[in-house]
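Notes for the structure review
Listed below are the residues making up each chain.
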Amino acid sequence: GAGVSQSPRYKVAKRGQDVALRCDPISGHVSLFWYQQALGQGPEFLTYFQNEAQLDKSGLPSDRFFAERPEGSVSTLKIQRTQQEDSAVYLCASSYRKTSSYEQYFGPGTRLTVT
Amino acid sequence: AQKVTQAQTEISVVEKEDVTLDCVYETRDTTYYLFWYKQPPSGELVFLIRRNSFDEQNEISGRYSWNFQKSTSSFNFTITASQVVDSAVYFCALGLETSGSRLTFGEGTQLTVNP
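Here is a short report on the structure shown in this document. (Residues numbered from 1 in each chain as written. Chains lettered and ligands numbered in written order. Predicted model: local features only at pLDDT ≥ 70, side-chain atom pairs only at ≥ 80, totals over all residues. Heavy atoms only, no water.)

**Section: the interface of chain A and chain B**
Our working rule: Only heavy atoms enter the contact rule, under which two residues are in contact if any of them lie within 4.5 Å. Take a side-chain nitrogen of Lys or Arg and a carboxyl oxygen of Asp or Glu: if they are within 4 Å of each other, that pair is a salt bridge. Pairing of N or O atoms within 3.5 Å defines a polar contact, subject to two protein rules: one partner must be a possible hydrogen donor and the other a possible acceptor, and residues neighboring in sequence count only if both atoms are side-chain atoms. Strands here mean DSSP runs of E at least two residues long; helices mean DSSP runs of H or I at least four residues long; both are numbered from the N terminus. All amino acids are sorted into three groups, where Ala, Val, Leu, Ile, Met, Phe, Trp, Tyr, Cys and Pro are nonpolar, Asp, Glu, Lys and Arg are charged, and the leftover types, Gly among them, are polar.
The interface of chain A with chain B comprises 24 residues on the first partner and 22 residues on the second. In this structure, the connection of chain A to chain B is made through 2 salt bridges. For Arg50(B), the salt bridge goes to Glu103(A), with nearest N and O atoms at 2.2 Å. Between chain A and chain B we count 6 residue pairs in polar contact (both at pLDDT 80 or more) in total. When residues of the side of chain A that touches chain B are assigned to their parent elements, the largest contribution, 3 residues, is made by strand E4 (residues 31-37) of chain A. Partitioned by chemical class, the residues of the side of chain A that touches chain B number 9 nonpolar, 11 polar and 4 charged.

**Details of the sheet that holds strand E8 (residues 75-79) of chain A**
All names here are of chain A. Threshold: In this analysis, strands are considered paired if DSSP registers two or more bridges between them. Simply put, an axis is a line fit to the C-alpha atoms, just over the touching stretch for a helix, and the angle between two N-to-C directions goes from 0 to 180 degrees.
In spatial order, the strands read E1-E3-E8-E7; together these 4 strands make up an open sheet with antiparallel pairing. Of all the strands in the sheet, the pair left with one neighbour each is strand E1 (5-7) and strand E7 (65-68). Neighbouring strand axes in the sheet, compared pairwise and without regard to direction, differ in orientation by 15° on average. Alignment of E7 against E8, held across 4 bridges, turns out to be antiparallel.

**A look at the pairing of E4(A)**
Residue and element names in this part refer to chain A. Heads up, the condition is: Any residue under 20% of the maximum accessible area for its type is buried, any over 50% is exposed, and the rest in between are partly exposed; the area is computed with a 1.4 Å probe on protein chains only.
Burial analysis of E4 places 7 of its 7 residues in the buried class, the great majority of the element. Taking every second residue as pointing to the same face, both faces of E4 are buried, with Ser31, Phe33, Tyr35 and Gln37 on one and Leu32, Trp34 and Gln36 on the other. Pairing geometry for E4 and strand E5 (residues 44-50), over 6 bridges, is antiparallel. Paired with Tyr35 across the bridge in E5 is Phe45. Where E4 and strand E9 (residues 88-95) come together, 7 bridges link them in antiparallel fashion. For Tyr35, the partnering residue across the bridge sits in E9 and is Leu91.

**Some points on the state of the cysteines**
Stated formally: The rule for a disulfide is simple: a pair of cysteine sulfur atoms within 2.5 Å.
Evaluation of the coordinates by the stated rule reveals 2 disulfides over all chains. There is a disulfide in this structure between Cys23(A) and Cys92(A), and the S-S distance comes to 1.8 Å. Note on the Cys23(A) and Cys92(A) pair: the S-S dihedral is about -65°, so by sign convention the disulfide is left-handed. Here the residue Cys23(A) occupies a position in strand E3 (residues 19-24), and Cys92(A) occupies one in strand E9, the gap between them amounting to 69 residues. Each member of the pair, Cys23(A) as well as Cys92(A), carries the same accessibility label: buried. The disulfide that involves Cys23(B) links it to Cys92(B), with 2.0 Å between the sulfurs. Residues Cys23(B) and Cys92(B) are joined by a disulfide whose S-S torsion is about -65°; by sign, that bridge is left-handed. In this pair, Cys23(B) sits in the loop between strand E3 (19-21) and strand E4 (24-26) while Cys92(B) sits in strand E10 (residues 88-96), placing the two residues 69 residues apart along the sequence. Here Cys23(B) and Cys92(B) have matching classes, each one buried.

**As for the nonpolar core**
All names here are of chain B. Selection rule: In these notes, a set of buried Ala, Val, Leu, Ile, Met, Phe, Trp, Tyr and Cys residues joined through side-chain atoms within 4.5 Å is what counts as a nonpolar core.
Core analysis: the biggest nonpolar cluster contains 24 residues, and Trp36, Phe75, Phe77, Tyr90 and Leu111 have the highest contact counts within it. For this core, the elements supplying multiple residues, two or more each, are strand E2 (10-14), E3, strand E5 (32-39), strand E8 (64-69), strand E9 (74-79), E10 and strand E12 (109-114). If we skip the residues at most four places from it in the chain, Tyr90 touches Gln6, Leu21, Trp36, Tyr37, Lys38, Leu48, Tyr64, Phe77, Ile79, Gly108, Thr109 and Leu111.

**Some remarks on the pattern of salt bridges**
In total, this model carries 8 salt bridges over all chains according to the counting rule given. In this structure, Arg102(B) engages Asp56(A) in a salt bridge whose closest nitrogen and oxygen atoms are separated by 3.2 Å. With one member in each of two chains, Arg102(B) in the loop between E10 and strand E11 (103-105) and Asp56(A) in strand E6 (residues 53-56) form a pair that bridges those chains. Accessibility expressed as a relative area gives 16% for Asp56(A), which makes it buried. Between Lys78(A) and Glu68(A) there is a salt bridge; the shortest N-O distance is 3.4 Å.

Geometry only, nothing functional implied.
Here it is as structure tokens:
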């Protein structure tokens, strides 16, 4: 079936603008994750949803970052008043089960460049 | 706290050579899960394997094999008879039940296979 999809694939924002990044998980996957990947680094956890509930947002770097998954499927990561340090690839992943024992399937990412 | 170390930043081999990618992890938990992901130039992380802490059996899948040793906290990945299509960044990741469903990634190893 279809994998995880993300849109847009590329986003250029001027510093101070708000951006919204969308993730469509694999159908039926309960868990949804957002990660941030800086150039040359491994992905770093931002936040986790189980269905519509945001169970862990400890990785969000500041209160300018906000994520939602209102109906338990599509999720949006919003960054307000973007800063240059927000430039990164934002990866979304979904998993069939609730625990870390199950593999996460990743989307292609959204590359955000803040100028 | 958990940590994953991939000491090899870059590896370059010639096609048909065998290559081993190292992964060392740190955790005090007794139940944990280890993963390997491949990130080709297209950017999408591709799941390769999952192991749990109670299963130290090595695994082979085609040209890929994994060596899990709890005594040295290592989960190394070997590609036999490497091919140009194996060129990618490879990430090792750790999941803990006690930290929810997040994965902690290493910084990755860039593998280049030259013809």
